[in-house]
Amino acid sequence: MAVYKIFAEKDATLYSNYPNENTGLDEILEIGNTLGPDTGDTPQVMRPIIKFTTADIADVLDNKVAGAAFTASLKLYVADADSIPLDYSIECYLLSGSWNMGTGKFGDVPENNTGVSWQWRSSAEVDPWIPVAYSPSVTASYASGYEGGGTFIKNNVSTQSFAHSDYQDIIIDVTNQVRSIYSSSLNDGFVLKLQDSLEFQSSSYFALKYFSVDTHTIYPPVLEIGWNDSVFSTGSNAIISDPNFVVTFTSNQYEYNRNSTQRFRLNSRPQYPARAFTTSSVYLNSFYLPENSYYQIRDLDTNEIIVDFDNNNTKISADSTSSYFDVYMSGLQPERYYKIFIKTTLDGSTIIRDGELTFKVTQ
Amino acid sequence: MAQKRVPVPKSQAEISAGLRDQVAAPALNRGTKTAVSPQDPKAFTVGLEDIDTAIMYYFDNVIRPSVFQNNSEIKVPILYGSPERWSSMQRQGFLRDHNDKLMTPLIMFKRTNMEKLRNLTNKLDANQANNFIVAKSKYNPRNAYSNFSVLNGLTNRTDSDKIVLSVVPDYVRLTYSCIIFVDYIEQLNRVQEAINYASDSYWGDPSRFKFNARIDSFPNSTTLDTGTDRVVRSEFNISLFGYIIPDAIIKDLSYDRLVYSPARVNFTYETTGSL
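Predicted model only: the values in this text are computed from it and were never measured.

Calculation criteria
Residues numbered from 1 in each chain as written. Chains lettered and ligands numbered in written order. Predicted model: local features only at pLDDT ≥ 70, side-chain atom pairs only at ≥ 80, totals over all residues. Heavy atoms only, no water. Helix = DSSP H or I, 4+ residues; strand = E, 2+ residues; numbered from the N terminus. Buried < 20%, exposed > 50% of the residue type's maximum accessible area, 1.4 Å probe, protein only. Contact = heavy atoms within 4.5 Å. Areas by Shrake-Rupley, 256 points an atom, 1.4 Å probe, with all protein chains shown as cover. Lys, Arg positive; Asp, Glu negative; His and termini not counted. Charge placed at Lys NZ, Arg CZ, Asp CG, Glu CD. Pairing = 2+ DSSP bridges. Axes fitted to C-alpha atoms, helices over the stretch in contact; angles between N-to-C directions. Expected span 1.5 Å × (residues − 1). Arc of directions from axis to C-beta. Phe/Tyr/Trp six-rings, centres within 6.5 Å; stacked < 30°, edge-to-face > 60°. 1 Å grid on protein atoms, 1.4 Å probe; cavity = no way out; pocket = protein on both sides within 12 Å on 5 of 7 lines; lining within 4 Å. Points joined across faces, edges and corners; volume = space filled by probe spheres on them. Nonpolar A, V, L, I, M, F, W, Y, C, P; charged D, E, K, R; others polar. Salt bridge = Lys/Arg side-chain N within 4 Å of Asp/Glu carboxyl O. Polar contact = N/O pair within 3.5 Å; in protein donor to acceptor, adjacent residues only side chain to side chain. Patch = residues over 30% accessible without salt bridge, like charges linked within 9 Å, V, L, I, M, F, W, Y side chains within 5 Å. Buried area = accessible area lost by both parts, 1.4 Å probe.

### Side note on the overall build of chain A
(1) Moving on: Helix and strand content of chain A: 2 helices and 25 strands.
(2) Moving on: When its C-alpha atoms are laid out on the principal axes, chain A stretches across 85 × 40 × 35 Å.
(3) Moving on: Here chain A, with 363 residues, has 53% of them falling under the buried criterion.
(4) Moving on: Across chain A, contacts joining residues at least 24 apart in sequence account for 74% of those joining residues at least 6 apart.
(5) Moving on: For chain A, the exposed area adds up to about 15,500 Å²; of that, 47% sits on carbon and sulfur atoms.
(6) Moving on: Each charge class in chain A was averaged separately, 24 positive and 43 negative side chains, and the resulting centres sit 9 Å apart.

Quick look at the structure:
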């Protein structure tokens, strides 16, 4: 799989109405603009901040991507969505300024001030987000009287727009930001915020909750880096051309260690081979999948797509033996089962086949 | 003109397909899909091989059957009756080694039957298991131990427990067919006495699994056919009460192995003397 998943190092949510409160250990990250008993008539804005280590990013780009063109996506899985508008967008910036995750949770009494908050980077009254004077490339966004909410790099923003009935999971393209982190080694993480027109609005209530680094679930935030590692150099076997084909995997060990990388090899053949007078079974003739073939990985239990078909990143390779692709098991959750699907185009039809391969990732 | 909507009855196949989808994909609650970390216990499984191994272990390490021949003690080897050995033994009445020498003394056993016992407990539904064995840990990453947490425990907050679930096992009665081969009745007596003493107790490795095993009778026979070797044998059955928790996808998908109980704040009545 030329898709590698990096798990976040730390995160927290910044709450504008609690300028000193740290929420570093919360299991939930929040984005929104809320009104309620605890905020009075003042709208409260919530912004999550997330950091992935520079070492992890550099390791993937140096040792796996190795100079190839890549894409990077920040993924957050939604836990709850409340009163969302029909259309909205979420913006992702690179943070400017180091911060301390802290050990607080929202609603701690007494309030926990050990880490980052709306107003402060390190802890309460230590290192304010808003500087006396901004450096040229840095900006911030807040309402008067609510100074804080992070300072971020200008002119390097990614946006994801949501329409009515879209899935609310955040899958936001942060390729430019990751490229910037890699080239400069300046990495303070990401900040996510609503579009400006939806923040600090006293006329709207809007809250989205996502699973954080500290979640007990299988949905922590991930940075997904993808690249095209496919090669298509076939051997003596032919490429399949019959849309009625069967695809199988040559061997399946069933269980794979989470630190391993597995090469899955595929065989395909026509479902109804033409009859021929030969000394061996026509069912034993193996074919390659066409060059534009892709794979998808789904969680067998939840049926959620873990790695989706991608014209660039999940392309199936071929060598002198058979068609194949590689999967980095470290990006998959241990003690869970996964299933693989294959997509290809034959005779003008886009065909998706269940690869009939189920495997488990072990500790 | 707008098209009129009329109810279209479903075919039996469509109805079946709908039911299948319903079983395969219930509404997903992401909060229940707990991640398993390296510190968490692995899924508990007990298979038929574990039970077979328990019998082998008990013969080898606890019963330790032996016979005396030429004034020296000979340990009786134990073999599992693989199909090749078993059919060879049934065809000839005894077993020979690769030098064609008669293998005596010897004990060979083989699992012949598995009967389900439903009177103990039942997981109710293999698609969605309902009965579990529960292990709780009070202190976990959500409720780390500290003096403050102990103090807090005296207040009205009930912490979130980490609960490890294991589906209740399928209880079974396994029947093993065993054969003792020896040269003399005197030797057979000694082996039978040892095995009979072990009957009705729990067999197995104390550090792994132990199962109640019972033996009811030891019929004897002596074979002395013309042109064949003399062999004394006794064929008996072991009735073993075991349990099985399989290492299977269907089991792993039928319930969530790790769950957290919700933390609770307990309220009590408060009254005021004046309004």
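Next comes the rest of the account.
### Overview of the sheet that holds strand β24 (residues 336–346) of chain A
Residues and elements named next belong to chain A.
(1) Moving on: Here 5 strands make up an open sheet; going across it, the order is β18-β25-β24-β20-β21 and the pairing mixed. What marks the edges here is a single partner per strand, and that holds for β18 (255–257) and β21 (305–307). This sheet shows a mean twist of 40° between the axes of neighbouring strands, independent of strand direction.
(2) Moving on: Relative to β24, strand β20 (residues 293–299) is paired through 7 bridges, and the arrangement is antiparallel. What sits directly across from D299, in β24, is Y338.

### Regarding helix α5 (residues 185–198) of chain B
Given 3.6 residues per turn, any residue in an α-helix points the same way as the ones three and four places further on.
Residue and element names in this part refer to chain B.
(1) Moving on: For α5, spanning 14 residues, the distance from its first C-alpha to its last is 20 Å, which sits close to the expected 20 Å at 1.5 Å a residue.
(2) Moving on: Taken residue by residue, α5 has Q187, L188, V191, Q192, I195 and A198 as its buried positions. All buried residues of α5 project into a common sector of 125° when viewed along the axis, lining one side. Among the exposed residues of α5, those pointing more than 90 degrees away from its buried face are E186, E193 and Y197.
(3) Moving on: Among the residues trailing α5, D200 stands out with phi positive, at a value near 75°.

### Digging into the packing of aromatic side chains
All names here are of chain A.
(1) Moving on: As enumerated under the stated definition, the model contains 32 aromatic pairs over all chains in all.
(2) Moving on: Centroid distance W227 to Y328: 6.1 Å. Interplanar angle 40°. Geometry classified as tilted. Of this pair, W227 sits in strand β16 (residues 222–227) while Y328 sits in strand β23 (residues 323–328); the two residues are 101 residues apart in sequence, bridging distant segments of the chain. The pair formed by W227 and Y328 is uniform in burial state, with each residue classed as buried.

### What about unusual backbone geometry?
(1) Moving on: In this structure, the amide linkage connecting V109(A) to the following residue, P110(A), adopts the cis form with an omega of 0°.
(2) Moving on: For P110(A), the location among the structural elements is in the loop between β7 (88–94) and β8 (120–123).
(3) Moving on: The omega angle of the peptide bond from T104(B) to P105(B) is -10°, so this bond is cis rather than trans.
(4) Moving on: Position of P105(B) among the secondary structure elements: in the loop between α3 (83–92) and β4 (106–116).
(5) Moving on: Look at D347(A): it is not a glycine, yet its phi comes out positive at around 55°.
(6) Moving on: With respect to the helices and strands, D347(A) occurs in the loop between β24 and β25 (349–362).
(7) Moving on: Overall, D347(A) belongs to the exposed group, its relative accessible area being 66%.
(8) Moving on: Phi is positive for L124(B), close to 80°, though the residue is something other than glycine.
(9) Moving on: Within the fold, L124(B) resides in the loop between β4 and β5 (132–137).
(10) Moving on: For L124(B), a relative accessible area of 60% puts it in the exposed group.

### Some details on empty space enclosed by the protein
(1) Moving on: One pass over the full model with this rule turns up 2 cavities of 30 Å³ or more.
(2) Moving on: Space inside the largest cavity adds up to approximately 260 Å³.
(3) Moving on: Lining the largest cavity we find 16 residues, and of these E335(A), R336(A), D252(B), Y255(B) and R257(B) sit closest to its centre.
(4) Moving on: Among the secondary structure elements, those contributing two or more residues to the lining of the largest cavity are β24 of chain A together with α6 (249–253) of chain B.
(5) Moving on: A per-class count over the lining of the largest cavity returns 6 nonpolar, 1 polar and 9 charged.
(6) Moving on: Estimates place the volume of the second largest cavity at around 50 Å³.
(7) Moving on: Around the second largest cavity, the lining residues are K116(B), L117(B), R118(B), T121(B), N122(B), K123(B), P169(B), D170(B) and Y171(B).
(8) Moving on: Considered class by class, the residues forming the lining of the second largest cavity number 3 nonpolar, 2 polar and 4 charged.

### Overview of the pattern of salt bridges
(1) Moving on: One pass over the full model with this rule turns up 31 salt bridges over all chains.
(2) Moving on: A salt bridge links R265(A) to D319(A), with the shortest nitrogen-to-oxygen separation between them at 2.7 Å. In this pair, R265(A) is assigned in strand β19 (residues 261–270) and D319(A) in the loop between β22 (317–318) and β23, connecting sequence segments 54 residues apart. Per residue, the accessibility class of R265(A) equals that of D319(A), and both read buried.
(3) Moving on: Between D60(B) and K75(B) there is a salt bridge; the shortest N-O distance is 3.7 Å. One end of the pair, D60(B), is in helix α2 (residues 48–63); the other, K75(B), is in strand β2 (residues 72–75), with 15 residues separating them in the sequence.
(4) Moving on: Here D60(B) falls in the partly exposed class, since its relative accessible area comes to 26%.
(5) Moving on: Each of R47(A), E91(A), K193(A), D196(A) and E199(A) takes part in salt bridges that share partners, so that together they form one network.

### A few points about the environment of S117(A)
All names here are of chain A.
(1) Moving on: Residue position: S117 is located in the loop between β7 and β8.
(2) Moving on: The buried category is assigned to S117, whose relative accessible area is 0%.
(3) Moving on: Distance in space between the C-alpha atoms of S117 and G102 is 9.2 Å, their sequence separation being 15 residues.
(4) Moving on: In this structure S117 touches L14, P19, N20, E21 and W129, once residues within four positions along its chain are discounted.
(5) Moving on: Side-chain polar atoms of S117 contact the backbone oxygen of P19, separated by 2.8 Å.

### Here's the deal with a nonpolar patch on the surface
All names here are of chain B.
(1) Moving on: On the surface, a nonpolar cluster with roughly 300 Å² of combined accessible area is contributed by Y139, Y145 and V150.
(2) Moving on: Relative to the assigned elements, V150 resides in helix α4 (residues 147–153).
(3) Moving on: Relative accessible area serves as the criterion here: at 35%, V150 is assigned to the partly exposed category.

### Here we look at the interface of chain A and chain B
(1) Moving on: Residue-level contacts link 24 residues of chain A with 18 residues of chain B.
(2) Moving on: Taken over both partners, the interface formed by chain A and chain B buries close to 1,800 Å², and the fraction arising from carbon and sulfur atoms is 52%.
(3) Moving on: Between the two partners, chain A and chain B, sit 5 salt bridges.
(4) Moving on: One salt bridge in this structure joins R30(B) and E304(A), with 2.9 Å as the shortest N-O distance.
(5) Moving on: Elements with a minimum of two residues in the side of chain A that touches chain B: β24 and β25 of chain A.

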